[in-house]
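Report on the structure
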Amino acid sequence: MSPHREPTVVGVQNFNAAEDAAALRAAMKGFGTDEEAIIAILTTRSNAQRQAISQAFTHEYGRDIIEDLKSELGGHFEDVIIALMTPPAEYLCRELHHCMEGMGTDEQVLVEILCTRTKPEIADIVDSYERLYNRPLAEHMCSETSGDFRRLLTLIVTGARDEEAGVDHARAAEAAQQLYDAGEAKWGTDEEIFNKILAHESFAQLRLIFEAYKELSGRTIEQAIKAEIGGELKDALSAIVECVENAAAWFAQRLRSAMQGAGTEDKTLVRIIASRAEIDLGAIKREYERLYDKTLESDISQGETSGDYKRALVALLGPA
């Protein structure tokens, strides 16, 4: 979402897939597993490099590296490593599928993945989902959600966002007025207008709309959404607004809440750190420290993560 990328993992320069494949084979062969070697290699290679290692591994040894890793590793450490070995869109598809399968749906995961991604990222996820599960993501999602929340996610997944239009101040003022008329200015809220504008306009245009809204109403759009809208739709619209304004801060807050309270939400911790490491994890670290006066690394290290799991997460954070 943010125009500038700030990855903590960029890959290595003199990359040699066959050498890495041999080192990983050695780390898993025989008695015991060399977890340190696995962490050192896989947390510093880019996803594209890891895919090349996977191919080299199959080519050299006739084995599937992911199957070998799964048989050698366990627990949340395994989750981190498998997340790193999976192509990004495919990994997010697996997370989406998991959150909708079985009893109940984890709406927070739908919001985290779908409301924070760019249009090309969403298109990639939609293609991968159908390929992996032989059913369209929109259809699966529609069977698991309802109401205005479902309508908003459907707009996002079907690629409604117009990222080509450029920014237009006059249109922004009109949209701000529409949002004001649909929410604060009337009794009851017209959620459809919020959905339409927040799912269709580009992030750059939304930034202008939110500025115009504040001038018009005296409140921020977040304040209006929190006051006017409830439930999952509120969470989804708030996520879009916060990612337009500062995606890294939104992810920092999500990490914080995953580590607060009883028990760590490990799936969330792994997913955000693994999926943002090549995008903006550097910025997320900085925002985390600004918001909470503690480093993300210290909260992960002092929290409930331990051993190789902790070491792998900290390695992905890069140098302090």
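We now turn to the structure provided with this report. (Residues numbered from 1 in each chain as written. Predicted model: local features only at pLDDT ≥ 70, side-chain atom pairs only at ≥ 80, totals over all residues. Heavy atoms only, no water.)

With that out of the way, let us pick up the pattern of salt bridges. Per the stated rule, a full pass over the model turns up 20 salt bridges. Between R171 and E201 there is a salt bridge; the shortest N-O distance is 3.3 Å. Residue R171 is found in helix α11 (residues 169-182), and its partner E201 is found in the loop between α12 (191-200) and α13 (203-217); the two are separated by 30 residues along the sequence. Here E201 falls in the buried class, since its relative accessible area comes to 16%. A cluster of three or more residues bridged by salt bridges with shared partners is formed by E95, E112, R254, K267 and R271. (Salt bridge = Lys/Arg side-chain N within 4 Å of Asp/Glu carboxyl O. Helix = DSSP H or I, 4+ residues; strand = E, 2+ residues; numbered from the N terminus. Buried < 20%, exposed > 50% of the residue type's maximum accessible area, 1.4 Å probe, protein only.)

This next bit is on the packing of helix α6 (residues 88-100) against helix α7 (residues 107-114). One way to put it is that α6 packs onto α7 with a least axis distance of 9 Å and a crossing angle of 155°. For the element pair α6 / α7, the angle class is roughly antiparallel. Between α6 and α7 lies a crossing of left-handed hand. Taking contact as the criterion, the partners of L92, E95, L96, C99 and M100 in α6 are, on α7, V109, L110, I113 and L114. (Axes fitted to C-alpha atoms, helices over the stretch in contact; angles between N-to-C directions. Parallel < 35°, antiparallel > 145°, perpendicular 65-115°, else oblique. Left-handed = near helix turned anticlockwise from the far one by under 90°. Contact = heavy atoms within 4.5 Å.)

Right, let's talk about α12 for a bit. Inspection of α12 places F194, N195, I197, L198 and A199 among the buried residues, and these make up the whole buried set. Along its buried surface, α12 packs onto α10 (147-157), α11, α13, α14 (221-228) and α15 (231-259).

Right, let's talk about the packing of aromatic side chains for a bit. Following the criterion strictly, the structure yields 5 aromatic pairs and no others. An angle of 65° between the planes, with centres 6.4 Å apart, marks the rings of Y180 and Y213 as edge-to-face. Linking Y180 in helix α11 with Y213 in helix α13, this pair joins segments that are 33 residues apart in sequence. Taking relative accessible area as the criterion, Y213 reaches 0% and is therefore assigned buried. The interplanar angle of 85° and the centroid separation of 5.1 Å between the aromatic rings of W250 and F251 together place this pair among those described as edge-to-face. The same class applies to W250 as to F251, namely buried. Looking at R25, its charged tip hangs above the ring of Y61, at a distance of 5.6 Å from the centre. (Phe/Tyr/Trp six-rings, centres within 6.5 Å; stacked < 30°, edge-to-face > 60°. Lys NZ or Arg CZ within 6 Å of the ring centre and 35° of its normal.)

This part covers the nonpolar core. Core analysis: the largest hydrophobic core is formed by 101 residues, its most contacted members being L42, L69, L114 and L198. A per-element tally of this core places α15 first, with 15 residues. (Core = buried A, V, L, I, M, F, W, Y, C linked by side-chain atoms within 4.5 Å.)

So, on to helix α1 (residues 17-28). Here α1 is 12 residues long and its end C-alpha atoms lie 17 Å apart, about the 16 Å a rise of 1.5 Å per residue gives. Within α1, the full set of buried residues consists of A17, D20, A21, L24, R25, A27 and M28. Projected down its long axis, α1 shows its buried positions confined to an angular sector of 160°, all on one face. Set apart from the buried face of α1 by more than 90 degrees, the exposed residues are E19 and A26. Of the surrounding elements, those touching the buried residues of α1 are α2 (35-42), α3 (47-61) and α4 (65-72). Two or three places before A18, at the opening of α1, N16 has a side-chain oxygen 3.1 Å from that residue's backbone nitrogen. In the segment just after α1, G30 is the residue with positive phi, at about 75°. (Expected span 1.5 Å × (residues − 1). Arc of directions from axis to C-beta. Polar contact = N/O pair within 3.5 Å; in protein donor to acceptor, adjacent residues only side chain to side chain.)

Considering the arrangement of structural elements, one finds T145 in the loop between α9 (137-144) and α10. T145 gets classed as buried once you look at its relative accessible area, which sits at 8%. Within the structure, the side chain of T145 is placed 2.7 Å from the backbone oxygen of M141, a separation counted as a polar contact. Each residue touching T145, except ones within four places of it in the same chain, is listed here: L110 and R150.

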